[in-house]
Every structure is written in structure tokens, then in C-alpha cells.
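Below, each chain spelled out in residue letters.
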2 protein chains.
Amino acid sequence: MNKLQVIKIGGRVIEDESSMNKFIREIANLSDPCILVHGGGSMTTELALKLKIPQQLVEGRRVTDADTLKIAVMVYAGWINKQLVAGLQAMGTDAIGLSGADMNCISSTLRKKEGVDYGFAGDLNEKSVNGERFKSLLEIGFTPVVCSITHDGKGQLLNTNADTLASAIASEMSRFCEVQLNYCFEKQGVMRDMTDKGSVIPQLTKSEYSHLKNSGCIHSGMIPKLDNAFLALEKGVEKVIIAEAGAIENIIQNKPHHGTELSI
Amino acid sequence: MNKLQVIKIGGRVIEDESSMNKFIREIANLSDPCILVHGGGSMTTELALKLKIPQQLVEGRRVTDADTLKIAVMVYAGWINKQLVAGLQAMGTDAIGLSGADMNCISSTLRKKEGVDYGFAGDLNEKSVNGERFKSLLEIGFTPVVCSITHDGKGQLLNTNADTLASAIASEMSRFCEVQLNYCFEKQGVMRDMTDKGSVIPQLTKSEYSHLKNSGCIHSGMIPKLDNAFLALEKGVEKVIIAEAGAIENIIQNKPHHGTELSI
């Protein structure tokens, strides 16, 4: 294995059947080995609403109480993961769906209650990702599809941020080979102005990012995503791209695309 | 691998936290390699009720419409599967949760609409179970935990009867080694009189079964379970036991237990 693609697929892409099917076809066409990482987007919120389980967000982060954890596990590890796996299998890609508990591939620790109690939220550390397990699966031709549910090794499932998880997997795998980390979502890339599609930044350095963050151009959900993305570069990942899901084939084949490439 | 235990865990055992934890501890203590198979019991029905999705049963079999399939996948492949896997990992058993789509380990075909339309129900055939895949996982020390969700190989997930699935897995695996199939549920075994705990039949032959079925002693849900169980014996499975989940350790260690052993 010379090169590995770690691909995080974002919420809205998963929710829309036609964009998910297009994405699956493009993934199936890739020649590099890859690891897919996904969360569940708004499906969890919708299901919680239908079940009348109140949802609490603190600074954009979901508080995972016991009922919400159950929903997250059902949606991420159940419906979305198995839909992706069955879709990839239909295209001839030998996918295997994994939560962190499966093969003990990703462990985490319950987030400390410092001021805010995030409930069953699992934080990753340096030893969380079992890189050898992923390496073995990839070497025998499997495509791991990883949902953002981890476990503490003591029987407790935990909800983990999917962007952070993708960054941690990419960083760990860079011990074994060249890794490209791709955040694929519904927008074209990192934009100077969220309302202007033409404002995508093709190349973003860490110092420019700091500048744009301080000036308020980059805000809310993009901040943790970019923090995770830059962290991966610092930890040895070769290339990080943030782009529209539909552009994944071009990106991986080094063809022109409209996304954002990061550099330290 | 000389001997393999295929263990089907029944609905009520899964639903009750303390009985599930006890079961997990007993599984973790087994010395033989094993494959666990599970469905989801009444959790699916309860969730459907909460979501106001009407459930239809025809001759004791669930009709799986699109909404019900989604619930079944969430409950079986999501919540129950990952709870079992995390629980086993906590006990030092290297479990891996699988739906039929994962590693393409179990494929099925949409049930033909002959009179009754069972919706997204998947029937198994001679080629459904990918025995080589299970063999490889077992040989490197993994414990597969298989939920009763399969796929048609064309991207469609399908709901499959867990008793039938356990029988098909056991039969296929008997090509490679000696297999014991254990149906573990909340009752003590096959009973002559459902209301009398003392009426468990220790040994049941196929002809006695026919007799008890014709006389009405054995009825409803026990019939497909026993049909599947006898089919496994006919297809090369060495031993089939139907017993209480709590007895699994004794059964596998050939110690006295109160279950029913079948013979052709």
C-alpha cells in the first residue's frame, strides 16, 4: 500500500439518496485503497424529534444523553453505515462497516465534565486508532466504512465527532503510508464568504486560516473542521482537501477541482 | 479450528440488560471459537409503535415495508449489534459485528410475492453464507456477531429470520469443522406443555417432533425454529441444542443442563 485515501463524508450528502448514490459510484471507481468515515447529519436530530427526545447543543456540539446515544448508534452504525456498505458492495467494492467497538478498532474516553456535561461523548487520544487493524483489512482488499461511534473498552459506546475521527485515522495511518485526507461535504470548499460560491479559497495556509478566523470570515462549524484538518497535516498526513462530495473522483486523480487544499 | 459453536441469542435475552450482560460473560468464557447470531426481538415493534409505523404480521412473520426495514436495520445492525460487540470487547473477546452486507458475508434474495407480500424480506439459499469469510475471521481470533440483516448484492438491505440465518451459517460452517448449533432463548427448552417448566423434552427426534406438532403440543413460533434446527442436522451440523440462554456455559462444556437436544 503506497497511498491511502481517508474520506470523510458529510451529513447532507448522506441524507440525499441521489447524492449518496453518486458518491458511492465515485468511491467504487477509485484506484487507491480508502477508508470512509461518516457521522449521521440531521437524521439523528429528526429521529430524536419524532421520538420526543429533547436535543441540547452547547457551542454547536450535541449533548449525548442515554436516549440520544441510542439514536446515534442506531442511525450511524445501523442505517447509514449499512446503506453505504450495501451500496459499495453492489458496485463491487468489498466494504466492511465498523464502529470503534468492532475489532476494537477505535477506543475513546468519556469526555470530562468540565463545566458542560456532554454526556456519552467520546474523546480520542494518541492510542485511540488501532492502525494495525485498518492496515490488515486494507492489505487484504477491504474498504473500511467507519461510523463515528467509538467505545471505552469497558462496554460503553460513545459518540465521537466524525471530523475529529477522520483526522485521527488519517494521522495514525500516515505511520504506514502516504495519506490524503479528504473532507467531502455539500459546499464547494472553504469560502471567504459563505453566501458567495465563487469565494472558495483554493489554497489555505495555517496563517491565512488564523487571519480569516480572527476576522470572522470563517466561523461556526468550519472552525473545528479546519482545526482537525490542520492537526492532521501537523501529524504527518501528506495532503488535506476540503471539497464538495461530487468532486472526489477529480480530487483523487489530481484533476482540477473547486475545493480547498490546506498547507501548514 | 476443530469445533465451532454457532449461538443464536433470542429476543427477550437481548432486551433485558442483566440477562444480556450475564450472557456476554458466559460467551466470553467459552474456549471454542464461536459465531453469535441475533435479531432484535420486540425492540423493533416498540420503536415502530413510538414512530407510529403500523406493523403487520402474517402467520407470525413480520411484513417489512420500507419504514420497518429502516427500523430493523437501526435496531439489529445498530443498537443491539454494537451493544453486544462492545460488551464482548470489554470481556476481552475480540468481537466484530456484521450484517450480511459487511464483507458480503451473507447475501439473500427478495422473498417472492406469492399471495402475501412480505416486503423487504430476504430469503437464504445454498450460496448465501460466505463460509470462507467466517473461517478467515475465526482463524485469526475474531468472534463474529451477526445480525439478521442481509443484502441482495444490488444495494438493497433485507430483513432475514434470525433462526434461519443461524441454521444456514451452522450448515455452511460444517464444511470446515464440527459445528454445534445452540438456540438460546428465555425458555428452558422445547416443552410438551408451554405452561409447565417441568415438561422440557431432553431429547427430541424428528419423528417425535412430527408427532408433537400434529397433536398441537408444539405450535406457533417453535415450529419454524425447530424446522430450521432439524434442517441444520440434515445438512451436516453435529449437534443442535435449544435451551435457556443462561445454560450456555454448561451446554458447551458438556455439563448437565435443562435444554433439549435434537437428533434426526
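Look above for the structure.
Residues numbered from 1 in each chain as written. Chains lettered and ligands numbered in written order. Predicted model: local features only at pLDDT ≥ 70, side-chain atom pairs only at ≥ 80, totals over all residues. Heavy atoms only, no water.

Visitor: What am I meant to see in the pairing of strand 11 (residues 178-185) of chain A here?
Guide: A regular strand places its side chains so that they alternate between the two faces of the sheet. All names here are of chain A. The element strand 11 is largely enclosed, with a buried count of 7 among its 8 residues. Taken together, the 7 bridges between strand 1 (residues 3-9) and strand 11 define a ladder with parallel strand orientation. In the sheet register, Lys 8 faces strand 11, and the bridge partner there is Tyr 183. (Buried < 20%, exposed > 50% of the residue type's maximum accessible area, 1.4 Å probe, protein only. Helix = DSSP H or I, 4+ residues; strand = E, 2+ residues; numbered from the N terminus. Pairing = 2+ DSSP bridges.)

Visitor: Quick question: what am I supposed to make of the sheet that holds strand 1 (residues 3-9) of chain B here?
Guide: Strands belonging to one sheet form pairs held by backbone hydrogen bonds; the direction of such a pair is parallel or antiparallel. Residues and elements named next belong to chain B. If you walk across this open sheet you meet the 8 strands as 5-8-2-1-11-13-14-12, and the pairing is mixed. Every other strand in the sheet has two partners, leaving strand 5 (95-98) and strand 12 (203-205) as the edge strands with one partner each. On average, adjacent strands in this sheet sit at an angle of 20° to one another, irrespective of strand direction. The pairing of strand 1 with strand 2 (residues 34-38) spans 5 bridges and is classified as parallel. Opposite Val 6, over in strand 2, you have Ile 35 as the bridge partner. Against the sheet, helix 6 (residues 162-173) contacts strand 1, strand 2, strand 8 (143-147) and strand 11 (178-185), and its axis sits at roughly 165° relative to strand 11. Running at roughly 85° to strand 12, helix 7 (residues 206-214) makes contact with strand 12 and strand 14 (260-263) of the sheet. (Axes fitted to C-alpha atoms, helices over the stretch in contact; angles between N-to-C directions. Contact = heavy atoms within 4.5 Å.)

Visitor: It is not clear to me how the packing of helix 2 (residues 17-29) of chain B against helix 4 (residues 66-90) of chain B should be interpreted in this structure. Could you clarify?
Guide: Angle between the axes and distance between the axes: these two values describe a pair of packed helices. All names here are of chain B. Axis separation between helix 2 and helix 4 bottoms out at 9 Å; the angle between their running directions is 50°. Classified by the interaxial angle, the pair formed by helix 2 and helix 4 is oblique. For the crossing formed where helix 2 meets helix 4, the hand is right-handed. The residues of helix 4 that touch helix 2, namely those facing Met 20, Ile 24, Ile 27 and Ala 28, are Gln 83, Leu 84, Gly 87 and Leu 88. For the contact of helix 2 with helix 4, the per-class residue count stands at 6 nonpolar, 2 polar and no charged. (Parallel < 35°, antiparallel > 145°, perpendicular 65-115°, else oblique. Left-handed = near helix turned anticlockwise from the far one by under 90°. Nonpolar A, V, L, I, M, F, W, Y, C, P; charged D, E, K, R; others polar.)

Visitor: Help me understand helix 2 (residues 17-29) of chain A in this model?
Guide: Every α-helical turn comprises 3.6 residues, leaving residues that sit three or four positions apart pointing alike. In this model helix 2 of chain A runs 19 Å from its N-terminal to its C-terminal C-alpha over 13 residues, within 8% of the 18 Å that 1.5 Å per residue would give. Listed as buried for helix 2 of chain A are Met 20, Phe 23, Ile 24, Glu 26, Ile 27 and Ala 28 of chain A. (Expected span 1.5 Å × (residues − 1).)

Visitor: Sorry, what's going on with the packing of helix 5 (residues 131-139) of chain A against helix 6 (residues 162-173) of chain A here?
Guide: Residue and element names in this part refer to chain A. For the pair helix 5 and helix 6, interaxial distance at closest approach is 9 Å and the crossing angle is 80°. Classified by the interaxial angle, the pair formed by helix 5 and helix 6 is roughly perpendicular. Between helix 5 and helix 6, the residues in contact are Gly 131, Phe 134, Lys 135 and Leu 138 and Ile 169, Glu 172 and Met 173, respectively.

Visitor: Please clarify how the nonpolar core should be interpreted in this entry.
Guide: Buried together is how nonpolar side chains tend to be arranged in soluble globular proteins. Counting residues in each nonpolar core, the largest one holds 83 residues, and the members touching the most others are Phe 134, Ile 169 and Leu 226 of chain A together with Phe 134, Ile 169 and Leu 226 of chain B. Not counting the four nearest positions on each side in its chain, Phe 134 of chain B is found in contact with Ile 35, Leu 98, Cys 105, Ile 106, Val 129, Pro 144, Val 146, Ile 169 and Met 173 of chain B. Ala 72, Met 74 and Ile 248 of chain A together with Ala 86 of chain B belong to the second-largest nonpolar core, a separate cluster that totals 80 residues. (Core = buried A, V, L, I, M, F, W, Y, C linked by side-chain atoms within 4.5 Å.)

Visitor: Hey, could you run me through the sheet that holds strand 12 (residues 203-205) of chain A in this one?
Guide: Residue and element names in this part refer to chain A. Spatially, 5-8-2-1-11-13-14-12 is the arrangement adopted by the 8 strands of the open sheet, whose pairing is mixed. Each having just a single partner strand, strand 5 (95-98) and strand 12 make up the two edges of the open sheet. Here the strands of the sheet are splayed against their neighbours by 20° on average, with no regard to which way each runs. Contacts from helix 6 reach strand 1, strand 2 (34-38), strand 8 (143-147) and strand 11, with the element oriented near 165° to strand 11.

Visitor: Where do I start with empty space enclosed by the protein in this structure?
Guide: To find the voids left in a structure, one rolls a probe of water-molecule size over its atoms. Residues and elements named next belong to chain A. In total, this model carries 1 cavity of 30 Å³ or more according to the counting rule given. The space that makes up the largest cavity amounts to roughly 60 Å³. Lining the largest cavity are Gly 189, Val 190, Met 191, Met 194, Cys 217, Ile 218, His 219 and Met 222. Per-class residue counts for the lining of the largest cavity are 6 nonpolar, 2 polar and no charged. (1 Å grid on protein atoms, 1.4 Å probe; cavity = no way out; pocket = protein on both sides within 12 Å on 5 of 7 lines; lining within 4 Å. Points joined across faces, edges and corners; volume = space filled by probe spheres on them.)

Visitor: What am I meant to see in the packing of aromatic side chains here?
Guide: Residue and element names in this part refer to chain A. Evaluation of the coordinates by the stated rule reveals 2 aromatic pairs over all chains. Note on Tyr 209 and Phe 230: the rings are 5.2 Å apart at their centroids and 20° apart in plane angle, and the pair reads as stacked. With Tyr 209 in helix 7 (residues 206-214) and Phe 230 in helix 8 (residues 222-234), the pair connects residues that are 21 residues apart, well separated along the chain. Assigned by exposure class, Tyr 209 and Phe 230 land together as buried. The side chain of Arg 111 reaches across the aromatic face of Tyr 118, ending 4.8 Å from its centre. (Phe/Tyr/Trp six-rings, centres within 6.5 Å; stacked < 30°, edge-to-face > 60°. Lys NZ or Arg CZ within 6 Å of the ring centre and 35° of its normal.)

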